[in-house]
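Fold and geometry: a report
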Amino acid sequence: MEAEKDFEYVIDRFADIKIMRYKVPDFENITLNQKIFIYYLSQAALCGRDILCDQFYRHNLLVRHTIDAIVNSYGGNRESGDFKQFMTYAKRVWFSNGIHHHYSCDKFFPEIGEEAFKQLIINSDFEQMPKAAGESVTDFANRVTDIIYSKTDLKRVSLDSSGDVVKASANNFYSGVSQAEVEAYNATLPQPDPERPLSNGLNSRLVKTDGRITEETYRVGGKYSAAIEQIVSWLEKAAPYAETDQQRECIGKLIDYYRTGDLRLWDEYNILWVSDNRPRVDFVNGFVEVYGDPLGIKGTWEALVNFKDLTATHRTETISGNAQWFEDHAPIDSRFKKSSVKGVTAKVITAVQLGGDCYPSTPIGINLPNADWIRKEHGSKSVTIENITYAYHQASLGSGMLDEFCNNDAERTRSRKYGYQSSNLHTDLHECLGHGSGQLLPGTNPDALKNYSSTLEEARADLFALYYIADPKIVELGLLPDNEAFKAEYDSYIRNGLMTQLTRIELGKDLEESHMRNRQLIARWALEHGKADKVIEMPVIDDKTYTVINDYTRLRQLFAALLAEIQRIKSEGDFEAGKNLVETYAVKIDRQLHAEVLERFKKLNIAPYGGFVNPVLKPVVENGEITDITIDYTESYTEQMLRYGRKFGFL
Ligand code: ZN
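Now for a quick tour of the structure. From a predicted model like this one, the values you see are computed outputs, not experimental measurements. (Residues numbered from 1 in each chain as written. Predicted model: local features only at pLDDT ≥ 70, side-chain atom pairs only at ≥ 80, totals over all residues. Heavy atoms only, no water.)

On to unusual backbone geometry. Among all residues save glycine, negative phi is the norm, and among peptide bonds the norm is trans. Geometrically, the link from Tyr359 to Pro360 is a cis peptide bond, its omega value of -5 degrees lying close to zero. Within the secondary structure, Pro360 sits in the loop between strand S8 (344-356) and strand S9 (365-368). Residue Pro369 is reached from Leu368 by a cis peptide bond, and omega for that bond is 0 degrees. Here Pro369 lies in the loop between S9 and helix H14 (372-378). Backbone geometry at Asp153 places phi at a positive 50 degrees, although glycine is not the residue there. Here Asp153 is to be found in the loop between helix H6 (137-149) and helix H7 (165-168). (Helix = DSSP H or I, 4+ residues; strand = E, 2+ residues; numbered from the N terminus.)

The coordination sphere of the zinc ion, as far as protein atoms go, consists of His430 (NE2), His435 (NE2) and Glu458 (OE), spread over 2.1 to 2.2 Å. Along the chain, the residues that donate to the zinc ion are spaced as H-x4-H-x22-E. (Donors = N, O, S within 2.8 Å, 3.2 Å for Na, K, Ca; no water.)

Let us look at the sheet that holds strand S4 (residues 204-209). Taken together, the three strands give an open sheet; going across it, the order is S3-S4-S5, and neighbouring strands pair in mixed fashion. Lying at the two open borders of the sheet, with one neighbouring strand each, are strand S3 (174-175) and strand S5 (212-217). Of the strand pairs in this sheet, S4 and S5 are connected by six bridges, and their pairing is antiparallel. Bridge pairing links Lys208 to Ile213 in S5. (Pairing = 2+ DSSP bridges.)

Attention now moves to empty space enclosed by the protein. By the definition in use, this model includes five cavities of 30 Å³ or more. Roughly 80 Å³ of volume is contained in the largest cavity. Considering the residues around the largest cavity, the lining is formed by Gln247, Cys250, Leu272, Trp273, Asp276, Asn277, Pro279, Val281, Asp282, Phe283, Lys347 and Lys381. In terms of residue count, strand S6 (residues 281-289) provides more of the lining of the largest cavity than any other element does, three residues in total. Residues belonging to the lining of the largest cavity are distributed by class as follows: six nonpolar, two polar and four charged. (1 Å grid on protein atoms, 1.4 Å probe; cavity = no way out; pocket = protein on both sides within 12 Å on 5 of 7 lines; lining within 4 Å. Points joined across faces, edges and corners; volume = space filled by probe spheres on them. Nonpolar A, V, L, I, M, F, W, Y, C, P; charged D, E, K, R; others polar.)

The next thing to look at is helix H3 (residues 60-73). Compared with an ideal rise of 1.5 Å per residue, which puts 14 residues at 20 Å, H3 spans 20 Å between its outermost C-alpha atoms and is within 8% of the ideal. Burial runs high along H3: 12 of the 14 residues are buried. Among the residues of H3, Asn60, Leu61, Leu62, Val63, Arg64, Thr66, Ile67, Asp68, Ala69, Ile70, Val71 and Ser73 are the ones counted as buried. Of the surrounding elements, those touching the buried residues of H3 are helix H2 (49-56), helix H4 (81-96), helix H5 (114-122), H6 and helix H25 (637-647). (Expected span 1.5 Å × (residues − 1). Buried < 20%, exposed > 50% of the residue type's maximum accessible area, 1.4 Å probe, protein only. Contact = heavy atoms within 4.5 Å.)

Written as structure tokens, this is what we have:
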């Protein structure tokens, strides 16, 4: 596939990040009603930006407001080295929604010195600064730079289970409480129907003051009220444009939940949301993903507005239409299989607006809701965000990665020929079938795997995809063109799991993030267990290490064996076995190999992380009526961040 000539996908570049744009194909062809609906939902999607920022760290908003004020009003030389270094820091803070790296969760620091930073504050408009009443400019500058430069609160999310993960994490979900206190508190929360457990703690902050623990619920009139009120008001405007009565009811339920914080309403909303697949326009809006909390309880706020990509959805409908066949033939113990796989809804979507924890760093697939019992009784929605994956793909063409890390032309050619298609299919299988497959044995505690659960769950979904992508059934269903295509995915999966994903990690660090841990777990486990038969080898040619798969059939069998074991671990809640797998294969990095990969990667000068600016939606109003919504792609990253700060800064 050739890079498009008319549309520049990469629009900014700083630190380890590239900023891209995404196109919204087909937006012109949806109805006016759908466009207006999308417009209002998009406003709601942008109103929670400050919530996420504050959830990540208690001082993030102060720092971000200060940065915005400097960028807006600094009166000194903007061409100076100091100011340029400051701008890099500003862009990083915007990107991470705070002062900790969005992926590693480590606190990062400006390259500009502390004194120089103070000078920037002093030489900007003090009126625009988020100062305290009566605070002098010097006191303010000292207070803010203390936060930015202090060597404290270094980790946003710590998964180091040797200590207290709550105390060791700088996030703002907890204040003054220990892990033991959180666990004890959560155990006291009412669980009226243990078969259908409420997501207790999902939408609150837990605070201990004067020896008393209280829960601050995120709701209108509670924590984050000012932002939530705005979200609600846009949702109210959106509701009349819903495409079905059920979708309108669903939005109403979400509004009620935001007003009360009542988690029963959250479950009811999710059930309405997951069981209506008729509307073309859809959205995510709420406290959803729990990766930001080391205990996996608190939800970070996120939003996504999208509409169905009709052509590409045909692909995933084929997969979900055969869900029962895949479940029945899975290489796992039959006790762990679902006798009937319900409501695996598969669709491909076009993102129109990203918000909260989906912005600027964006997932390429989503599978919701998270509550196991709702998934079991009502199914789940799995989506692939095709215009985002396409933008990534376009941006990656010509990056030099394939030339550097593939060891032969056959592999490179295969990757160019099948890479985009097979990697999309992997994502579909992971999201549509992988997460939804299998079941817990009766009585198994869904939280039994604790801090290892995310890694093991991602591994389970990936293995399901890896096992089936090589199945003749896939070609039979027309999902891949021939029996060669899956090999492109195997090549890139192993190459990534053993080597190329290490480009995202600093030398000397371990793997922390669940998806990265999962990929190394699978690749290293397969390397080890196929060693005797040389299923995978890592040859060194001219001092460069490569990965080679010698036997694709055997590798598929190894994936099957590991899938069976991880499914058993989940179904039985075998914490020790899960811990052992993760600690043995997923965490530690081969330092020598890591150094080599970083060295080779550095020469390519590629940003390991990517994120997106949103297109700007603008209503066309005639005689007080919206007659069209136009879409504009020209806003720069800095312009967008400053505008969001002005327009959606509610906290
Ligand atoms: Zn997943």
